[in-house]
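# What the coordinates show
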Amino acid sequence: MLDMDQGVVEEWLSEFKTLPETAIPSYAAGLKDKASLVSALYRVIQEPQSELLEPVCHQLFEFYRSGDVSLQRFTLQFLPEFIWSYLSICTSRDLHSTGCREALLLGIYNLEIVDKDGQSKVLSFTVPSLSKPSVYHEPSTIGSLTLTEGALAKHGLSRVVYSGPHPQREIFTAQNRFEVLTFLLLCYNAALSYMTSASLQSICHLSTGISICGYPRQLLRKYKGVSNRMPVSSEFLVQLITSLYYALYNGEWDMASKALDDVLYRAQLELYPEPLLVGNAIKSSLPGGALKSNKEGTRCIQVEITPTSSRISRNAVTSLSIRGHRWKRNDSSENSIDIPDSAALSVPEISVTGVLGERVGNGETQRSRREGEAQGGQDSGADSRADSKGLAEVRRQKSCRRVMEDGITSPGRVQY
């Protein structure tokens, strides 16, 4: 460790002790901009026998216990490095060097499993449902789910998974080690969007190291470090994959993609179904080429949302359909012609052997024709007020009436 880094860390250790309570928020907000301090603290954590490691662990625990969110996030960014250094020492059987690291990890765990009143926390997670919209899908794009949505909403089939309460831990054992570390990674992933690039690189390094150390892939990768195999749990690998999924889209494509392959390699060796399912699903959804590095921009996971399609039924009642119905009704009322009873004609039934209708005289024929012409004059006034469609309908009615009149009075077609 360089003398300059040691001076930066010592200044940081003494500075926080002299701060008044009112100056802590402003001090916490400025910590994320001290890149030299962050890099110096990483070097302290990586050295197994550093003299500054114990006061650094104590200071970080004070940060986390203070309750300030910015100070807690500053401590969480070093969590992957602490986990890796702790597991590396455990595999070498040098348990005397893990004291301060183990105390910090257990201290953060015991603070996170209780609320402000000291009661045990119970975390709840709602399992996504295809009938409920989310940032990943819209129900309308999966076909007709009207009945399914209504049934699920009515019966309340939303599944909620609970985690906790978690017991207090005073010491690490082989049985509870990965239970505690998995919960710590869960807390780390909850603040993943606030982590720095150095922290994302550290989680990639942890994922690769714990997955390939002691296996043939370590020789192929020429990975230097611990040569012993590290035990791991399925839940721990799932939390690692969650961190890698975020790192893939936030400037660490190369390291995260290799680490994801390493985790899947270890999951195949251990025959763990959960990390295999999650890891292969993420790997299948990745784009073909590497994404451009965006370390300074907005940190997010890019998701392509399919545009929602129109699901309005043809028979649905809308403002447009009501307006169109009103127009049709007005057009039909304007086009309809009230024919008086005197102008109504009865069509006689004509038979080949005899006449079933009444006999019509020439005088009656001429009188009805004059009445038809008078009625036609009235119709012409109505036609001037009707539109083109109504005018054609009136003319068709008049033409049919005249053909009927001519057919009735024609002597060649009626037999007496």
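Whatever comes next refers back to the structure up there.
Note that the coordinates shown come from a computational prediction; the quantities given were computed from them, not determined experimentally.

This part is about the overall build of the protein chain. A tally of helices and strands in the protein chain yields 17 helices and two strands. Sequence-distant contacts in the protein chain: of pairs separated by 6 or more residues, those separated by 24 or more amount to 72%. Working note: accessible area of the protein chain is about 25,500 Å², and carbon and sulfur atoms make up 53% of it.

Glancing now at a nonpolar patch on the surface. Where nonpolar side chains cluster on the molecular surface, the patch consists of Val122, Val160 and Tyr162 and spans about 290 Å² of accessible area. For Tyr162, the position within the fold is in strand S2 (residues 160–163).

Locating Ser202 in the fold gives a position in helix H10 (residues 197–212). Ignoring anything within four residues of it in the chain, the contact list for Ser202 reads Tyr42, Pro80 and Glu81.

Time to look at the packing of helix H6 (residues 79–91) against H10. One can describe the packing of H6 onto H10 by two numbers: an axis separation of 8 Å at closest approach and a directional angle of 25 degrees. By the angle class used here, H6 and H10 are roughly parallel. The element H6 and its partner H10 pack so that their crossing is left-handed. Of H10, the residues touching H6 (which contributes Pro80, Glu81, Ile83, Trp84 and Leu87) are Ser199, Ser202, Ile203, His205, Leu206, Gly209 and Ile210. In terms of residue class, the contact of H6 with H10 is built from seven nonpolar, four polar and one charged.

Here the focus is the packing of aromatic side chains. Throughout the structure, instances matching the rule amount to 12 aromatic pairs. Seen in terms of ring centroids, Phe74 and Phe78 are 5.4 Å apart; in terms of plane orientation they differ by 80 degrees. Their pairing is edge-to-face. The two residues Phe74 and Phe78 agree in class, both being buried. Plain terms: the ring middles of Tyr109 and Phe183 are 5.5 Å apart, the flat faces sit at 85 degrees to each other, and that makes the pair edge-to-face. In this pair, Tyr109 is assigned in helix H7 (residues 99–112) and Phe183 in helix H9 (residues 177–190), connecting sequence segments 74 residues apart. Taking the relative accessible area as the measure of exposure, Tyr109 reaches 0% and is therefore buried. Through pairs of rings, three or more aromatic residues link up here, namely Trp12, Phe16, Tyr27, Tyr42, Phe63, Phe74 and Phe78. A cation over an aromatic ring shows up here: Arg73 above the ring of Tyr194, its NZ or CZ 3.5 Å from the ring centre. It is Arg229 that lies over the ring of Tyr215; its NZ or CZ is 4.2 Å from the centre.

Let us look at helix H3 (residues 35–46). The end-to-end C-alpha distance of H3 is 17 Å, a good match for the 16 Å that 12 residues give at a rise of 1.5 Å each. Considered for burial, the residues of H3 that qualify are Leu37, Val38, Ala40, Leu41, Tyr42, Val44 and Ile45.

Let us now look at the pattern of salt bridges. Scanning the model with the defined rule gives eight salt bridges in all. A salt bridge links Glu15 to Lys34, with the shortest nitrogen-to-oxygen separation between them at 3.7 Å. Of the two residues, Glu15 sits in helix H1 (residues 3–17) while Lys34 sits in the loop between helix H2 (24–31) and H3, which places them 19 residues apart along the sequence. The partner of Arg169 in a salt bridge is Glu179, with the nearest N and O atoms 3.1 Å apart. One end of the pair, Arg169, is in the loop between S2 and H9; the other, Glu179, is in helix H9, with 10 residues separating them in the sequence. One connected set of salt bridges, linked through shared partners, spans Arg217, Arg221 and Asp262.

Glancing now at the environment of Val232. Mapped onto the fold, Val232 is located in the loop between helix H11 (216–221) and helix H12 (234–248). A C-alpha to C-alpha distance of 9.2 Å links Val232 and Arg266, two positions 34 residues apart in sequence. Ignoring sequence-local partners within four residues, the contact set of Val232 consists of Phe178, Ile210, Leu237, Arg266 and Tyr272.

This brings us to the nonpolar core. Membership of the largest hydrophobic core comes to 86 residues, with the highest contact counts inside it found for Trp12 and Phe74. Element by element, the count of residues in this core is highest for H12, at nine residues. In contact with Trp12, other than residues within four places in its own chain, are Tyr27, Leu31, Leu37, Leu41, Val56, Gln59, Leu60, Phe63 and Phe74.

About the cut-offs
- Counting starts from 1 at the beginning of each chain's written sequence and moves along it residue by residue.
- Totals for whole chains, interfaces and linings use all residues, but because this is a predicted model, local features are given only for residues with pLDDT of at least 70 and pairs of side-chain atoms are given and counted only at 80 or more.
- Hydrogen atoms and water are omitted, and side-chain values are computed over all heavy atoms in the structure.
- For the purposes of this entry, the term helix denotes a DSSP run of H or I that reaches at least four residues, the term strand denotes a run of E that reaches at least two, and both are numbered from the N terminus.
- We call two residues in contact when some of their heavy atoms are within 4.5 Å.
- The Shrake-Rupley method, run with a 1.4 Å probe, gives the accessible areas here. Residue values count only the displayed protein chains as cover.
- Patch building starts from residues that exceed 30% relative accessible area and form no salt bridge, then joins like charges within 9 Å and nonpolar side chains (Val, Leu, Ile, Met, Phe, Trp, Tyr) within 5 Å.
- For this document, the term salt bridge refers to a Lys or Arg side-chain nitrogen within 4 Å of an Asp or Glu carboxyl oxygen.
- In this analysis, axes come from line fits to C-alpha atoms, helices being fitted only over the stretch in contact, and the angle between any two N-to-C directions falls in the range 0 to 180 degrees.
- An angle counts as roughly parallel when it lies under 35 degrees, as roughly antiparallel when it exceeds 145, as roughly perpendicular when it falls between 65 and 115, and as oblique in every other case.
- If you view the pair so one helix is near and one far, a crossing is left-handed when the near helix is turned anticlockwise from the far one by less than a right angle, and right-handed when it is turned clockwise.
- Under the scheme applied here, ten amino acids are nonpolar (Ala, Val, Leu, Ile, Met, Phe, Trp, Tyr, Cys and Pro), four are charged (Asp, Glu, Lys and Arg), and all others, including Gly, are polar.
- Only Phe, Tyr and Trp rings are paired, with Trp represented by its six-membered ring, and only when their centres lie within 6.5 Å; those with planes under 30 degrees apart are stacked, over 60 edge-to-face, the remainder tilted.
- The rule is simple: take the accessible area with a 1.4 Å probe, protein chains only, and divide by the maximum for that residue type; under 20% is buried, over 50% is exposed, in between is partly exposed.
- Cation placement over rings: the criterion is NZ of Lys or CZ of Arg within 6 Å of the ring centroid and within 35° of the ring normal.
- Each helix should span, by expectation, one fewer than its residue count multiplied by 1.5 Å.
- Among buried residues, those of type Ala, Val, Leu, Ile, Met, Phe, Trp, Tyr and Cys that are joined through side-chain atoms within 4.5 Å constitute a nonpolar core.

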